[in-house]
Amino acid sequence: RLKTPAKTPKSAYKSRPNSGSNKGQKDPVSVYCRVRPMQCESDLACLKVTSSTTVLLTPPEIAINYRVGALRETQHIFKHVFDVTSLQRDVYNVVAQPLVEGLIRGRNGLLFTYGVTGSGKTYTMTGDMQNQGIMPRCLDVLFKTISDYQTKKFVFKPDRLNGFEILSEADAMIERQAELNAKFSKIKRLEGIDEDNMYAVFITYVEVYNNSVYDLLEEGSIQKTLQSKIIREDATHNMYVHGVTEVEVKSMEDAIEVFQLGQKRKRMGHTILNAESSRSHSVFTVRLVQAPTDRDGEYVLQDRRTITVSQLSLVDLAGSERTNRTKNTGQRLKEAGNINNSLMTLRTCLEILRENQGSGVNKMVPYRDSKLTLLFKNYFDGEGQVKMIVCINPRAEDYDETAQVMRFAEMTQDVQIARQGTKLDMAGLTPGRRKANQLFKTAVNKLDMAGESYARNLDIDLGMVYSLGPNLPRIQLNSPDADNLVQDLEAMTKNVCFHNKRPSDTFPTSYSLGC
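Computed from a predicted model, the values in this text were never measured in an experiment. (Residues numbered from 1 in each chain as written. Predicted model: local features only at pLDDT ≥ 70, side-chain atom pairs only at ≥ 80, totals over all residues. Heavy atoms only, no water.)

### Details of unusual backbone geometry
Positive phi outside glycine occurs at Asn 210, with the angle close to 50°. Tracing the backbone through its elements, the reader meets Asn 210 in the loop between β10 (197–209) and β11 (212–215). The class for Asn 210 is buried, based on a relative accessible area of 17%. The backbone of His 237 sits at a positive phi, close to 70°, despite the residue not being glycine. Mapping His 237 onto the fold places it in the loop between β13 (231–233) and β14 (239–241). Looking at His 237, the relative accessible area reads 52%, which means it is exposed. (Helix = DSSP H or I, 4+ residues; strand = E, 2+ residues; numbered from the N terminus. Buried < 20%, exposed > 50% of the residue type's maximum accessible area, 1.4 Å probe, protein only.)

Encoded structure:
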């Protein structure tokens, strides 16, 4: 008999690479533009979409400095422009879906929505019940993709230091029992899932308000006064919110429920320009934790060194605004000042990054001048892909703010971000073991039901089966040699089956795997 070892030897493990094969390669920050429909047909417009990548900004007579002749019509180029006919689905497909695909493959992603107050940032990010935005669509496709490969709850557990540990099944069951006691859209699955891994999704939701960080998912009643959190650096030099609540979710519905809980605590306020204006920057982060299964493809390997954590941060920036238009006073004025200061720090950091890359100098980037930029320092240093959607209200009244946003967007596109390599760890185990084990068990059950008494006692090293070689490549059978190719493949298949057949059995080992 061929026995399957009970435990994978330590020598089979390999350390997780830090960067991957893309070291040295850089990509620019991808900046997109979305134009909001005019709220009133009588409003004058200052912006016109001239192509799928270009907009034309024309100064109106009411603009500052218009009469002194200091303003000119300007053209601005983006990676893609979404005009007023673009749907929420279009924005997700072009901008966000590649980030979710990267998340599944172990890569980080950061997506900002940026623009003046009332330009459609929150609608683009979250949408409404009829028109779901980027965030719910990301969650939907993620859970559809990993649905067959999720761990039971509490197999992965946050260690409160930006990492995770793996609990045994017995410990995870105790955690699940403790939790019990304490107590949309037609989107296809994405490719890139590793069928030999197990997955879990964790959600964090924080806001940066008056340059302090607050955990919107902190335990307690909604009326509870939240305590500000500290941003720290973990053992691998990644920035994180210390002590932040990480909620494990198993479905899109669970995740949306968590998001809505956080929304109830988020700072919102009334201004002249917007009935419900965000007074803080919100950061909704999806963390995908994955680790390989054991040699039999049944349980998560009990070694935290094999864990890969990737994250997608969806950031709804508060709108920049001029106080002489909003007429803010008191607390609203203080909020606006802090919002504008943090956005100015973001601009300054990107400007210095661009200067360092363009001229070869090495100026210090002032990430620590704002909690917003400090939190995302790692992304700009090359730990993930960065994208930005600039939301525009084309009204003539918004021209001056829109012109500032356009200049910032143009500058941002010149910043190069180091391309992140894959972080996935195979732990030295052979691919295909999970499917091999499932097919083998199915075959044994069928033989058992058919009355074959020896089927229950079959003990086969599945490694002998699934290590026969990789899957055959896709072949186009449209060449003149197609008939000969088919005959060769049939002969190969018969040969494999013959060599895996034991004389004492009428059942070839690889027959259970579709041979």
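### Describing the packing of aromatic side chains
Under the counting rule described, the total for this entry stands at eight aromatic pairs. For the ring pair Phe 376 and Tyr 379, a centre distance of 6.0 Å and an interplane angle of 50° mean the geometry is tilted. Each member of the pair Phe 376 and Tyr 379 is classed as buried. Through successive ring pairs, a cluster of aromatic residues spans Phe 112, Phe 376 and Tyr 379. (Phe/Tyr/Trp six-rings, centres within 6.5 Å; stacked < 30°, edge-to-face > 60°.)

### Focus: the environment of Thr 412
Position of Thr 412 relative to the elements: it lies in helix α10 (residues 399–412). By relative accessible area, which is 1% here, Thr 412 ends up buried. Counting along the chain gives 58 residues from Thr 412 to Arg 354, while the straight-line C-alpha distance between them is 8.0 Å. With residues up to four places along the chain from it excluded, the contact list for Thr 412 reads Val 29, Val 31, Leu 350 and Met 388. Within the local environment of Thr 412, its side chain forms a polar contact with the backbone oxygen of Phe 408, the two atoms lying 2.8 Å apart. (Contact = heavy atoms within 4.5 Å. Polar contact = N/O pair within 3.5 Å; in protein donor to acceptor, adjacent residues only side chain to side chain.)

### Here's the deal with the sheet that holds strand β4 (residues 54–57)
Strand order in the open sheet made by the three strands is β3-β4-β5, with antiparallel pairing throughout. Where the open sheet ends on each side, the last strands, each with one partner, are β3 (47–49) and β5 (74–77). Within the sheet, the average angular offset between the axes of one strand and its neighbour, ignoring direction, is 25°. Pairing between β3 and β4: three bridges, direction antiparallel. Each residue of the ladder has a partner; that of Lys 48, found in β4, is Leu 56. Running at roughly 140° to β4, α10 makes contact with β3, β4 and β5 of the sheet. (Pairing = 2+ DSSP bridges. Axes fitted to C-alpha atoms, helices over the stretch in contact; angles between N-to-C directions.)

### Quick word on the pattern of salt bridges
Pairing is possible between side chains that carry opposite charge, provided their charged atoms lie close to one another. Applying the stated criterion to the full structure yields twelve salt bridges. The partner of Arg 304 in a salt bridge is Asp 159, with the nearest N and O atoms 3.0 Å apart. Overall, the relative accessible area of 23% leaves Asp 159 in the partly exposed class. The partner of Arg 287 in a salt bridge is Glu 246, and the shortest N-O contact between them spans 3.0 Å. One end of the pair, Arg 287, is in strand β18 (residues 281–292); the other, Glu 246, is in the loop between β14 and β15 (247–249), and 41 residues separate them in sequence. Its relative accessible area of 5% is what places Arg 287 among the buried residues. (Salt bridge = Lys/Arg side-chain N within 4 Å of Asp/Glu carboxyl O.)

### Some remarks on the pairing of strand β20 (residues 385–392)
Burial analysis of β20 places seven of its eight residues in the buried class, which makes it a mostly covered element. Across six bridges, the pairing between strand β2 (residues 30–35) and β20 is parallel. In the strand pairing of β20, Val 35 is matched with Ile 392. The sheet contact formed by strand β7 (residues 109–114) and β20 spans six bridges and is parallel.

### A closer look at helix α3 (residues 134–146)
Every α-helical turn comprises 3.6 residues, leaving residues that sit three or four positions apart pointing alike. The terminal C-alpha atoms of α3, which comprises 13 residues, lie 18 Å apart, in line with the 18 Å expected from a rise of 1.5 Å per residue. All of the buried residues along α3 are Ile 134, Met 135, Pro 136, Arg 137, Cys 138, Leu 139, Asp 140, Val 141, Leu 142, Phe 143, Thr 145 and Ile 146. (Expected span 1.5 Å × (residues − 1).)

### Digging into the pairing of β18
Both faces of the sheet carry side chains from a regular strand, because those side chains alternate between them. Judged by how many residues are buried, β18 sits mostly within the fold: twelve of twelve residues are covered. Both faces of β18 are covered, namely the face carrying His 281, Val 283, Thr 285, Arg 287, Val 289 and Ala 291 and the face carrying Ser 282, Phe 284, Val 286, Leu 288, Gln 290 and Pro 292. With nine bridges joining them, β18 and strand β19 (residues 308–316) adopt antiparallel strand pairing. Residue pairing across strands places Leu 288 opposite Ser 310, the latter belonging to β19.

### Describing the confidence of the model for the chain
Here the chain shows a mean pLDDT of 79. Residues at 70 or above account for 74%. When mean pLDDT is taken per element in the chain, strand β6 (residues 80–82) scores highest with 97 and helix α6 (residues 323–326) scores lowest with 49. Below a pLDDT of 50 lies the segment residues 1–21, which in the model reaches 44 contacts outside its immediate sequence neighbourhood of four places, other chains included. Low pLDDT (under 50) marks residues 496–515, which in the prediction has 30 contacts with non-local residues, meaning those over four places away or in another chain. (pLDDT = per-residue confidence, 0-100.)

### What about the packing of α3 against helix α5 (residues 252–263)?
Contact pair α3 / α5: the axes reach a minimum separation of 9 Å and the direction vectors enclose 150°. Taken together, α3 and α5 sit at an angle that is classed as roughly antiparallel. The interaxial crossing formed by α3 with α5 has right-handed handedness. When α3 is examined against α5, the residues Met 135, Pro 136, Leu 139, Asp 140 and Phe 143 are found in contact with a partner set consisting of Met 252, Ala 255, Ile 256 and Phe 259. When the residues that make up the contact of α3 with α5 are grouped by side-chain class, the tally is eight nonpolar, no polar and one charged. (Parallel < 35°, antiparallel > 145°, perpendicular 65-115°, else oblique. Left-handed = near helix turned anticlockwise from the far one by under 90°. Nonpolar A, V, L, I, M, F, W, Y, C, P; charged D, E, K, R; others polar.)

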